[in-house]
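Structure assessment
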Amino acid sequence: MGYRLSGEQFDRFLDRLKENYRVFGPAVDRDKGNYTDMDRVTYKEIHRLDDLELNRKSYFSPKEIFYPIRETLFQFCEGETRVPAIDEKKTAIFLRPCDINGIDRLDTIFLENGPFEDFYYKRRRDKVKFFMIECTSGFDSCFCASMKANRTERRDVTFRFGDEILAEVKSEEFVPYFEGMAQKPFEVRFVEKNRMKVRLPEVADVTVEHFQHELWKEYTARCIACGRCNTSCITCSCFTMRDASFAGGKIGERRRTWAGCHVNGFTDMAGGHGFRGPRGERMRFKTMHKINDYHKRFGKHQCVGCGRCEDVCPQYISFARCINTLFDVVREGKSK
Ligand code: SF4
Ligand code: SF4
């Protein structure tokens, strides 16, 4: 089903929707950018069309809406435990195709990577519906087409924002929200190529030698281990656990908090052992996980080419360039 909406009708649609859903989308955080008087685009609750920022890429991904930065898993008191309740309302998120594919990669990790589904992830994720923003040109740092993450069928409603707003409704449950609006079917389009292109080495061609190659040393010198690339990535899923307790450990709670493979302490173990000290080794771990190891296990790349890690890095480290360098090194090895 396809519909045509004016701006006013879109706002009425949101009003109806908000009776049952919390609605999130890319929005401007005034003066919250890295420098004075700079804005930042991030994911926020949306109430009107004007709240949506459609012309700039969001600095953070939408993952924190259903996978919080910090989450209490359970509380304990004198031998009893209790799992905190979550908001009963469902969630609708305005997002682009790369991010829908990124959430697919998170689903794979949290729901399919082992014998058990992650209960805490699943209970929030089950409430999420995708309102895809039609994306036909992308941004300068995007390389979703190279990662084959530019298209998706996992969308509930698709919106084309232009002089008029068009909506393609795939999920029946959203049809009633468009009641009274003019019908106008349209064919959803996707980005076909990006300005930024990435060449991916064949997974089978990557060997131990490439893990030990000196290309990674450049990142030991440049990366400052700030972890911005991890926190802004739609597909980074790592977390750490911590117990907060008092009364001699009888009362307290267990929390999980995002963690990142670039950050100091990520690999620290009992006894003071730590792995991947040099920051180049952390870059290598992330790169190989995103475009090699994950693919070996699940048959698809983890990275979806959203380009946020490039956008946010204070050291101007380009992940796309890193992948292309690895491609050249692997190809060079093959031609010897
Ligand atoms: S690694 Fe970079 S480009 Fe790939 S999904 Fe994460 S933030 Fe996006
Ligand atoms: S954002 Fe850049 S400097 Fe910060 S950890 Fe990532 S690669 Fe290193």
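All figures in this text were calculated on a predicted structure; none of them were measured in a lab.

Cut-offs applied
Residues numbered from 1 in each chain as written. Chains lettered and ligands numbered in written order. Predicted model: local features only at pLDDT ≥ 70, side-chain atom pairs only at ≥ 80, totals over all residues. Heavy atoms only, no water. Near = heavy atom within 4 Å. Nonpolar A, V, L, I, M, F, W, Y, C, P; charged D, E, K, R; others polar. Domains from an automatic or database assignment. Contact = heavy atoms within 4.5 Å. Buried area = accessible area lost by both parts, 1.4 Å probe. Salt bridge = Lys/Arg side-chain N within 4 Å of Asp/Glu carboxyl O. Polar contact = N/O pair within 3.5 Å; in protein donor to acceptor, adjacent residues only side chain to side chain. Helix = DSSP H or I, 4+ residues; strand = E, 2+ residues; numbered from the N terminus. Buried < 20%, exposed > 50% of the residue type's maximum accessible area, 1.4 Å probe, protein only. Lys, Arg positive; Asp, Glu negative; His and termini not counted. Pairing = 2+ DSSP bridges.

Considerations on the site of ligand 2
In the vicinity of ligand 2, the contacting residues are C223, I224, A225, C226, G227, R228, C229, H262, C313, P314, Q315 and I317. Within the shell around ligand 2, the residues separate by chemical class into eight nonpolar, three polar and one charged.

Quick look at the domain arrangement of the protein chain
Domain annotation for the protein chain reports domain 1 (2–62 + 83–183) and domain 2 (203–236 + 277–335). Distance from the C-alpha centre of domain 1 to the C-alpha centre of domain 2: 27 Å. With 25 residues of domain 1 at the interface, the matching set in domain 2 holds 26 residues. Counting the surface lost from both domain 1 and domain 2, the interface buries some 2,100 Å², and carbon and sulfur atoms represent 59% of this. Looking only at domain 1, the three residues that lose the most surface to domain 2 are R105, F143 and M147, adding up to 29% of its buried area. Put simply, domain 1 and domain 2 have three salt bridges between them. Taken together, the links from domain 1 to domain 2 amount to 12 residue pairs in polar contact (both at pLDDT 80 or more).

Examining the site of ligand 1
The full set of residues close to ligand 1 is F143, C233, T235, K290, C303, V304, G305, C306, G307, C309 and F319. Among the residues forming the shell around ligand 1, the class breakdown is seven nonpolar, three polar and one charged.

What to know about the side chain of R123
Here R123 lies in helix α3 (residues 119–125). We note that R123 is buried and unpaired, the nearest opposite charge coming from E71 at a distance of 4.1 Å. Looking at R123, its side chain comes within polar contact range of the main-chain oxygen of P84, at 3.0 Å.

Quick word on the pairing of strand β4 (residues 70–77)
As paired strands, β4 and strand β12 (residues 251–258) are joined by seven bridges and run antiparallel to one another. Paired with T72 across the bridge in β12 is R255. Bridge count for β4 against strand β5 (residues 80–82) is three bridges, and the pairing is antiparallel. Its bridge partner being in β5, F76 is matched across the sheet by T81. In textbook terms, the turn of a hairpin is the stretch between consecutive antiparallel strands, and for β4 and β5 this stretch comprises two residues, one of which, E78, has a positive phi near 50°.

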